[in-house]
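What follows is the residue order along each chain.
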Amino acid sequence: MNTSNSLGNATFENYVGIGDGLSEMSFQMVAHVLTVGYAVMFAALLYFILTIKTVQPKYRTTAILSVVVMVSAGLLLFIQAQNWVNAFTFDVEQGRYFLADGSALFNNGYRYLNWLIDVPMLLFQILFVVTLTKSSFSKVRNRFWFSGSMMIITGYIGQYFEVTSFALFAFWGTVSTVFFIDILITMRKVIKEGSEGVPADAKRYLGYIWTIFLFSWMLYPGAYLMPYLIPIGLEPSLTGLASEAAVVGRQLTYTIADVTSKVVYGVLLTVVAQIMSNADGYDYNKHGEKN
Ligand code: RET
């Protein structure tokens with residue numbers, strides 16, 4: 001491992017790839033997990049298109065935003081999977097995967113730029129299902145948009161320093177977390193206000209939405225910190241089994257987070273919209289498009 005200078009601000013996956021490399025199992029697990037990621041997005045794309053008429057027209061913007069998220073995430077995860085398989089090559093003599101010579105390094109930056117589209121969409125989505133009783137729609141929308149974008153841009157800068165400068169990595173990560181906390185506070189308020197005066201079932205589902213929102217969004221900072229979490233320490237994990245576990249752990253975490261924060265969240269919002277549509281007298285089975 002005397003190559004750290006030549007890799008510069010590359011992400012830690014590349015440092016592992018140029019050092020001890022990856023076993024067949026680690027390499028394939030990441031390739032598979034990334035593939036499942038985009039496969040789920042394209043399958044869910046069909047779900048959101050096919051269920052759009054099960055809700056009243058006023059709730060359909062939510063489904064349209066899910067469609068936008070599925071297409072953008074599906075494409076970007078596809079590129080991310082290609083990036084992974086191109087970045088590493090199998091060494092027959094050592095029986096392990098190492099960084100490929102001459103191709104682009106592996107980079108998680110695609111994800112961050114994808115979030116720049118998806119995070120505001122996911123946050124806006126709920127505003128088309130719930131009715132705000134006290135807060136103003138445009139104020140909440142702008143706050144979601146501002147904090148969401150700032151959280152991602154500052155995190156995007158920070159991830160370049162995950163190996164080269166712990167101080168900068170931690171600094172930008174902390175700035176990003178301030179915006180993240182603002183998003184959590186705003187979302188809590190939106191769900192609380194939105195739960196007032198709605199059918200009991202819708203209220204219950206809005207409770208689930210808050211839980212899965214909190215769980216899935218917190219996984220992203222966990223993935224950002226992954227080289228410092230396995231094993232826990234102030235040095236990034238670049239060698240040995242721990243580094244491989246951190247490489248696989250990060251992509252696994254991202255995939256679980258992506259499926260939950262985009263697909264499960266979108267499906268639950270559809271269910272809430274269906275309950276509210278029924279409560280408003282819209283019955284797709286009876287009236288179809290007439291209403
Ligand atoms: C970063 C940087 C480190 C600190 C924090 C982060 C939070 C990221 C989040 C991302 C959510 C992404 C979603 C994408 C869906 O498409 C940027 C990793 C707090 C919460 C929901």
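Fair warning: this is a prediction, and the values are worked out from it, not measured in the lab.

Structural notes on the nonpolar core
Moving on, step 1. Residues Trp-84 and Ile-126 are the most contacted members of the largest nonpolar core, which totals 83 residues.
Moving on, step 2. Not counting residues up to four positions away in its chain, the partners in contact with Ile-126 are Met-187, Val-190, Ile-191, Ile-209, Tyr-265 and Leu-269.

Let's talk about the pairing of strand β2 (residues 96-99)
Moving on, step 1. Two strands pair when backbone bridges link them, and strand β1 (residues 88-91) and β2 are joined in this way by 4 bridges, in the antiparallel orientation. Residue pairing for β2: Phe-90 is matched across the bridge by Tyr-97.
Moving on, step 2. In sequence, β1 turns back onto β2 through a hairpin of 4 residues, with Gly-95 there showing a positive phi of about 65 degrees.

Quick notes on a nonpolar patch on the surface
Moving on, step 1. A grouping of Phe-42, Val-71 and Leu-75 is seen on the molecular surface, where their side chains present a nonpolar patch of about 230 Å² in accessible area.
Moving on, step 2. Residue Leu-75 is classed as partly exposed on the basis of its relative accessible area, which comes to 48%.

Remarks on the environment of Ser-136
Moving on, step 1. Mapping Ser-136 onto the fold places it in the loop between α5 (109-127) and α6 (137-159).
Moving on, step 2. For Ser-136, a relative accessible area of 32% translates into the label partly exposed.
Moving on, step 3. The sequence separation of Ser-136 and Ser-277 amounts to 141 residues, and the corresponding C-alpha distance is 23 Å.
Moving on, step 4. At 3.1 Å, the side chain of Ser-136 forms a polar contact with the backbone nitrogen of Lys-139.

A word on the site of the ligand
Moving on, step 1. Taken together, 16 residues are adjacent to the ligand, and Trp-115, Asp-118, Trp-217, Tyr-220 and Lys-262 come closest.
Moving on, step 2. Computed on the free molecule, the ligand has an accessible area of 540 Å², of which 99% lies beneath the protein chains in the complex.
Moving on, step 3. Taken together, the residues that form the shell around the ligand break down as 9 nonpolar, 5 polar and 2 charged.

Here we look at the packing of helix α4 (residues 60-87) against helix α10 (residues 240-279)
Moving on, step 1. For the pair α4 and α10, the least separation of the axes is 10 Å and the interaxial angle reads 165 degrees. By the angle between their axes, α4 is roughly antiparallel relative to α10. The handedness of the crossing between α4 and α10 comes out as left-handed. Residue-level inspection shows Thr-62, Ser-66, Val-69, Met-70, Ala-73, Leu-77 and Trp-84 of α4 in contact with α10, the latter providing Val-247, Asp-258, Lys-262, Val-263, Gly-266 and Leu-269.
Moving on, step 2. Of the residues assigned to the contact of α4 with α10, the class counts are 8 nonpolar, 3 polar and 2 charged.

Analysis parameters
- Residue positions are given per chain, counting from 1 as you read along its sequence in written order.
- Totals for whole chains, interfaces and linings use all residues, but because this is a predicted model, local features are given only for residues with pLDDT of at least 70 and pairs of side-chain atoms are given and counted only at 80 or more.
- Note: side-chain values were computed over all heavy atoms of the structure, leaving out hydrogens and water.
- Only buried Ala, Val, Leu, Ile, Met, Phe, Trp, Tyr and Cys residues count toward a nonpolar core, and they belong to the same one when joined by side-chain atoms within 4.5 Å.
- For every residue, the accessible area (1.4 Å probe, protein chains only) is compared with the maximum for its type, and the residue is labelled buried under 20%, exposed over 50%, or partly exposed between those bounds.
- Contacts were defined at the residue level, with two residues in contact if any of their heavy atoms lie within 4.5 Å.
- When DSSP finds two or more bridges between two strands, those strands count as paired.
- Segments assigned H or I by DSSP are reported as helices when at least four residues long, segments assigned E as strands when at least two residues long, and all are numbered from the N terminus.
- Like charges are joined within 9 Å and nonpolar side chains (Val, Leu, Ile, Met, Phe, Trp, Tyr) within 5 Å, but only among residues with over 30% relative accessible area and no salt bridge; these make up the patches.
- Here the Shrake-Rupley method, with its probe set to 1.4 Å, supplies the accessible areas, and only the displayed protein chains count as covering residues.
- Each reported salt bridge corresponds to a side-chain nitrogen of Lys or Arg within 4 Å of a carboxyl oxygen of Asp or Glu.
- As used in this structure description, the phrase polar contact means that two N or O atoms lie within 3.5 Å; if the pair is within protein, one of them must be able to donate a hydrogen and the other to accept it, and residues adjacent in sequence are counted only when both atoms belong to side chains.
- Near, as used in this document, describes a residue that has one of its heavy atoms within 4 Å of the molecule or strand being considered.
- Three residue categories are used. Nonpolar comprises Ala, Val, Leu, Ile, Met, Phe, Trp, Tyr, Cys and Pro, charged comprises Asp, Glu, Lys and Arg, and polar comprises the others, including Gly.
- A fitted line through C-alpha atoms represents every axis, and for helices the fit uses only the stretch in contact; the resulting angles, taken between N-to-C directions, go from 0 to 180 degrees.
- Comment on the angle field: the value is read as roughly parallel under 35 degrees, roughly antiparallel over 145, roughly perpendicular from 65 to 115, and oblique elsewhere.
- Crossings are assigned a handedness: left-handed for a near helix turned anticlockwise from the far helix by less than a right angle, right-handed for a clockwise turn.

This is a description of form; function is not addressed.
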